[in-house]
Amino acid sequence: MLWTLIIIRYPKYLGIFGFLSMAVFRLPLWFDKKITFWKLMGSSATGSFDMRPDLRQWALLFTSNESTMPKFIRGYLRFFHCDLKQFVMEPTTGHGLWDGKQLFTSGAKIIPRTAPVAVLTRATIRVNRLKNFWRHAPLVGKKLNNAKGLLASYGLGEVPFIKQTTFSIWEDESSMVAFAYKADEHAQVIRKTRDENWYKQELFMRFRIISVSGFDERIAAKMLNLPASHEEA
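Just so you know, these numbers come straight off a predicted model, no measurement behind them.

Enquirer: I'm lost on unusual backbone geometry in this one. Help?
Expert: Glycine aside, the phi torsion of most residues is negative, and most peptide linkages are trans. Even without glycine at this site, His81 takes up a positive phi of about 55 degrees. Classification of His81 by relative accessible area gives exposed; the value is 66%. Even without being a glycine, Phe161 presents a positive backbone phi close to 75 degrees. Structurally, the position occupied by Phe161 is in the loop between strand S6 (150-159) and strand S7 (163-170). The exposure class of Phe161 is partly exposed, given its relative accessible area of 37%.

Now the structure itself:
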C-alpha cells in the first residue's frame with residue numbers, strides 16, 4: 001500500500017480556498033474506491049507543532065495502490081495555480097492507531113541505515129494535557145528546524161491544537177535518531193508524554209521514499225538518494 005502526502009500552497013490572498021477545500025474535497029475522496037484512508041489537514045507556520053496556522057498551506061494524505069489523486073481535486077488545485085509538493089512512500093516500520101484504525105502493515109523492504117527516511121508522527125492530545133503539550137512543543141519545533149540531517153519538515157493538524165501531525169525527511173537514520181532520542185529537549189518531551197500521559201492516541205511510522213515532486217533537483221536527489229542529475233518527479 002502506498003502513502004501519498006501532498007503539501008498544497010495557495011497563491012497570496014487565495015488561502016480562503018484552502019478552507020473551502022477541507023469541505024469540498026471530502027466527496028471525491030469518499031467515493032474514490034481506490035483510496036482506503038485519507039486525511040485533510042491544515043498546516044502550521046513552521047515545520048513542526050505550532051499554534052500559529054499558515055492559512056495558505058494545506059495538506060492531503062491518502063493511502064492507495066496508486067499515487068494519483070482524484071481528478072476533481074487535481075483540477076481544483078490547477079485552477080487556483082497551487083504550488084504542490086508530493087511525496088509517494090512505502091511504510092517500513094510503525095506502531096499505533098490513527099482515529100482507531102490500524103494503518104501499518106508489514107512486508108515492505110527495510111531501509112538501509114544510510115538511505116533517506118521519512119517519518120510521520122501523529123497524536124491526539126488529551127484536553128487536560130493541552131497546556132503541558134503546548135508549553136514544550138514550540139521549543140522542540142525550533143530545535144527540529146535546525147537539526148542536522150533534516151531535509152524537510154511540516155507541521156500538520158486535523159483539529160487545531162488537539163490532533164497534531166509532523167512529517168519530516170532525514171538524510172539517514174542516524175540523523176533522525178540523533179534528534180529523536182539524543183537531543184535534550186526532544187528526549188525530555190518524550191519522557192514527559194509517557195510520565196504525564198499526554199496522548200489519548202498516537203502513531204509513529206517510518207517510510208521509504210519512492211518519489212517526490214515539487215522540489216529543486218538538488219533537494220529531490222537527496223531525498224531519493226540519487227545523483228543530482230537524476231531527480232525523480
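From this point on, the discussion continues.
Enquirer: What is the right way to read the pairing of strand S3 (residues 53-64) from this model?
Expert: On a regular strand, one side chain projects to one face of the sheet and the next to the other, so that they alternate. Counted residue by residue, S3 has nine buried out of twelve residues, so it is predominantly covered. Pairing of strand S1 (residues 2-9) with S3, which is carried by eight bridges, proceeds in the antiparallel orientation. From the neighbouring strand, Leu2 faces S3, where its bridge partner is Ser64. Pairing analysis gives eight bridges linking strand S2 (residues 35-44) to S3, with the strands arranged antiparallel. Within the sheet, the bridge partner assigned to Ser44 lies in S3 and is Pro53.

Enquirer: How do you make sense of the pattern of salt bridges when you look at a structure like this?
Expert: Pairing between side chains becomes possible if they bear opposite charge and their charged atoms approach one another. Enumeration according to the criterion identifies twelve salt bridges in this entry. Put simply, Asp99 and Arg122 hold a salt bridge, and the shortest N to O gap is 3.0 Å. With a gap of 23 residues between them, Asp99 in the loop between strand S4 (83-96) and strand S5 (117-125) and Arg122 in strand S5 connect regions that are remote in the sequence.

Enquirer: What should I look at first to understand the packing of aromatic side chains in this one?
Expert: Note on aromatic pairs: each is described by the distance of the centres and the angle between the planes. Counting across every chain of the model gives 17 aromatic pairs. Aromatic side chains Phe133 and Trp198 sit 6.1 Å apart centroid to centroid with 80 degrees between the ring planes, which places their arrangement in the edge-to-face category. Of the two residues, Phe133 sits in helix H4 (residues 130-145) while Trp198 sits in the loop between helix H6 (184-195) and strand S8 (199-213), which places them 65 residues apart along the sequence. A relative accessible area of 0% places Trp198 in the buried class. Members of the aromatic cluster, joined through ring pairs, are Tyr10, Phe17, Phe25, Phe72, Tyr76, Phe79 and Phe80. Stacked on the ring of Phe215, the Lys or Arg Lys85 has its end atom at 5.5 Å from the ring centre.

Enquirer: Help me out: how do you make sense of the pairing of S4 in this one?
Expert: Summarising the sheet, S1 and S4 pair through seven bridges and their orientation is antiparallel. The partner of Leu5 across the bridge, within S4, is Phe87. Pairing geometry for S4 and S8, over ten bridges, is antiparallel. Residue pairing in the sheet places Pro91 in a bridge with Phe207 of S8.

Enquirer: Would you explain the sheet that holds S7 in this entry?
Expert: Hydrogen bonds between backbone groups are what pair the strands of a sheet, and the pairing can be parallel or antiparallel. Read once around its circumference, the closed barrel built from eight strands follows the order S1-S3-S2-S6-S7-S5-S8-S4, with strand pairing classed as antiparallel. Averaged over all neighbouring strand pairs, the angle between strand axes comes to 30 degrees, with direction disregarded. In the packing of helix H1 (residues 16-24) onto the sheet, the strands contacted are S2 and S3, and the crossing angle to S3 comes to about 30 degrees.

Enquirer: I keep staring at helix H7 (residues 217-224) and nothing clicks. Help me out?
Expert: An α-helical segment advances 3.6 residues per turn. Residues three or four places apart therefore align on the same side. Taken together, the buried positions of H7 are occupied by Ile219, Ala220, Ala221, Met223 and Leu224. Those residues of H7 hidden inside the fold are in contact with S4, S6, S7 and S8. Following H7 by one or two positions, Asn225 adopts a phi angle in the positive range, close to 60 degrees.

Enquirer: Looking at this structure, how should I read the environment of Leu151?
Expert: For Leu151, the location among the structural elements is in strand S6. Considering only alpha carbons, one finds Leu151 and Ala118, 33 residues apart in sequence, at a separation of 9.6 Å. Not counting chain neighbours up to four residues away, the residues in contact with Leu151 comprise Ile169, Trp170, Glu171, Lys222 and Met223.

Conventions and cut-offs
- Residues numbered from 1 in each chain as written.
- Predicted model: local features only at pLDDT ≥ 70, side-chain atom pairs only at ≥ 80, totals over all residues.
- Heavy atoms only, no water.
- Buried < 20%, exposed > 50% of the residue type's maximum accessible area, 1.4 Å probe, protein only.
- Helix = DSSP H or I, 4+ residues; strand = E, 2+ residues; numbered from the N terminus.
- Pairing = 2+ DSSP bridges.
- Salt bridge = Lys/Arg side-chain N within 4 Å of Asp/Glu carboxyl O.
- Phe/Tyr/Trp six-rings, centres within 6.5 Å; stacked < 30°, edge-to-face > 60°.
- Lys NZ or Arg CZ within 6 Å of the ring centre and 35° of its normal.
- Axes fitted to C-alpha atoms, helices over the stretch in contact; angles between N-to-C directions.
- Contact = heavy atoms within 4.5 Å.

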